[in-house]
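Structure assessment
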Amino acid sequence: MLDFKPVTLEDNRILTPILSKFGEKSCQHSFASMTGLFDKYEDELVIEDGVLIVQRAKRDHDGYRVYLAPIGDTYGSEAKFLDMILEDAHSYGAKVSFETVTEDFREKVANLLPDFEVIEDRDYAEYIYSVEKMSVLAGHALAAKRNRVRAFYSAYEDHIRIENISPGNMDDVRAFQDKWISERKKSDDDPMLETENNAIGTYFDNFDALGFKGIVVYVYGSVVGYAAGVALSDDTMDEVIEKGLPEITGIYQLLCNEFALICCKGYKYVNREEDIGLEGLRRAKMSYQPEILLSKYIMREQ
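Criteria and cut-off values
Here the residue numbering is sequential within each chain, running from 1 through the sequence in written order. Confidence filtering applies because this is a predicted model: local features only for residues at pLDDT of at least 70, side-chain atom pairs given and counted only at 80 or more, and all residues used for totals across whole chains, interfaces and linings. Hydrogen atoms and water are omitted, and side-chain values are computed over all heavy atoms in the structure. Helix and strand labels come from DSSP, where a helix needs a run of H or I of at least four residues and a strand needs a run of E of at least two; each type is numbered from the N terminus. The globule rule used for comparison is 2.2 Å times the number of residues to the exponent 0.38, while the radius of gyration itself is calculated over C-alpha atoms. Only protein chains enter the accessibility calculation, which uses a 1.4 Å probe. A residue is then buried if its area is under 20% of the maximum for its type, exposed if over 50%, and partly exposed in between. We call two residues contacting when some pair of their heavy atoms lies within 4.5 Å. Only the protein chains shown count as cover for residues, with accessible areas throughout obtained via the Shrake-Rupley method and a probe of 1.4 Å. Positive charges come from Lys and Arg alone, negative charges from Asp and Glu alone, with His and the N- and C-terminal ends not counted. Lysine's charge is taken at NZ, arginine's at CZ, aspartate's at CG and glutamate's at CD. Joining through side-chain atoms within 4.5 Å is the link that ties buried Ala, Val, Leu, Ile, Met, Phe, Trp, Tyr and Cys residues into a set, and such a set is a nonpolar core. A pair of strands is treated as paired once DSSP finds two or more bridges between them. Axis geometry follows a simple rule: fit a line to the C-alpha atoms, using only the stretch in contact for helices, then measure angles between N-to-C directions, giving values from 0 to 180 degrees. In the sections that follow, a salt bridge refers to a side-chain nitrogen of Lys or Arg positioned within 4 Å of a carboxyl oxygen of Asp or Glu. The reported arc concerns the directions from the helix axis to the C-beta atoms and nothing else.

Secondary structure assignment for the protein yields 11 helices and 14 strands. For the protein, whose C-alpha radius of gyration is 20 Å, the value lies close to the compact-globule estimate of 19 Å for 302 residues. Scored against the burial criterion, the 302 residues of the protein give a buried share of 50%. Taking the intrachain contacts of the protein between residues at least 6 apart in sequence as the baseline, contacts between residues at least 24 apart amount to 71%. For the protein, the computed accessible surface area is about 14300 Å², with 48% contributed by carbon and sulfur atoms. Computed over 35 positive and 55 negative side-chain charges, the inter-centroid distance for the protein is 5 Å.

With 64 residues, the main nonpolar core has L52, F152, Y203, F212 and Y226 as its most contacted residues. With sequence-adjacent residues up to four places away left out, Y226 is seen in contact with I165, V173, F176, Q177, I200, F204, I215, V216, I241, E242, K243 and L255. Listed in part, the 22 residues of the second largest apolar core include F4, V46, I53 and V96.

The next thing to look at is the sheet that holds strand β10 (residues 222-231). Reading across from one edge, β8-β9-β10-β11-β12-β7-β13 is the order of the 7 strands in this open sheet, with mixed pairing throughout. Bordering the open sheet on either side are β8 (160-164) and β13 (292-294), each of which pairs with just one other strand. Strand-to-strand, the axes of this sheet are offset by a mean angle of 25 degrees, without reference to chain direction.

Evaluation of the coordinates by the stated rule reveals 21 salt bridges. R282 is the salt-bridge partner of D275, the closest N and O atoms lying 2.8 Å from each other. By relative accessible area, which is 0% here, D275 ends up buried. The exposure class assigned to R282 is buried, which follows from its relative accessible area of 16%. Beyond isolated ion pairs, a larger network of salt bridges with shared partners links R122, D123, D275 and R282.

The subject of this paragraph is helix α1 (residues 12-22). An α-helix turns once every 3.6 residues. As a result, residues three or four positions apart point the same way. Among the residues of α1, those classed as buried are N12, L15, I18 and L19. Here the buried residues of α1 occupy an arc of 145 degrees about the axis, which is enough to place them on one side. Away from its buried face, by an angle of more than 90 degrees, α1 presents the exposed residues R13, P17 and K21. Where α1 is buried, its residues contact α2 (31-36), β2 (43-48) and β3 (51-56). Looking one or two residues beyond α1, the residue adopting positive phi is E24, at roughly 60 degrees.

Listed below in C-alpha cells is the structure:
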C-alpha cells in the first residue's frame, strides 16, 4: 500500500521540477491544476524513487481506484511502478483506472498491461499552439481572428489599456471574475462553473507563489477581460483562464493574441487546454489551428 498524502502548496518546490521535465506539456500534469482543482480531484501523492504517483481520490468509481500515469524517469522500470500501483489498488479491493493517459505512456506500457481496456478520451485532448503564430495570428486560416482584433482596436481606439496582472490591479480582476460568474450563472446552472470559480480563487490567492502570469484589458477604465496562466515546462505555457465580456466584439481573440504576445515570450508553445466535449468550444479551439492535439486515454483494468 502506497503512503499517499494530499497535495498542498508546500509541495510546489518538490513537484514542479518533476512535472516540468516529465509532464509532457499536459495541463493535467501541473502543480497549479493539482492545487486549484483539489476540490474536484482530491489529488493525493507519493514520490517513489524520484517518480511522482498521483491518486485522484474523488474520481474513484464503480470499484476502480483512479490514478495518473507515473510521472518521472521510469525508463526501463515501468513494470516496477505499475506493480506498485496495482498492489495499492488491490489492497483496497479495487481495480486500477489510469486517467488522462498520453500516447507516449500508452505505447510504453501496452505490453505490460495487456488485459487493460484502452479508451480514447477525446473530450480531454489538449490543444497546443505555436506561440509565434498566436502572437501575430499568422496565416490565411487565422485571418478572421486578426480582423476581430482589429475591430476591437478600431471600436475603442485610445480608450484601451492592457496591463500585466499585478497586486495593483488584482482587486479589479477579482471584481470582474465575480461579475462574470454571476452573469453566467443566470443562464447556466452547470455545477462545474462553481468548481472552476473556486479554482480561480485559489489561483488569485496564490498568484505569484504558483508562478502565474496574466493580462487584464480595460476599456474606458473598466475591465472587459483578462487571461492568466503558468509555465508547464521550459518551452510551454498553459493559458489556464480566459474570461471576457461576451458583448465586446473581439475580446476573446484579443486575449488569446495578447496573452501569447505578452505572457509567452521565450516559450515555443501555449497549451489552451481541453474542450471537455463542448461542441462550440471544440470548434473554436480547432479554428485556431493547433500545432499539437495531445491525445488522452483511459486505461482500465479488466
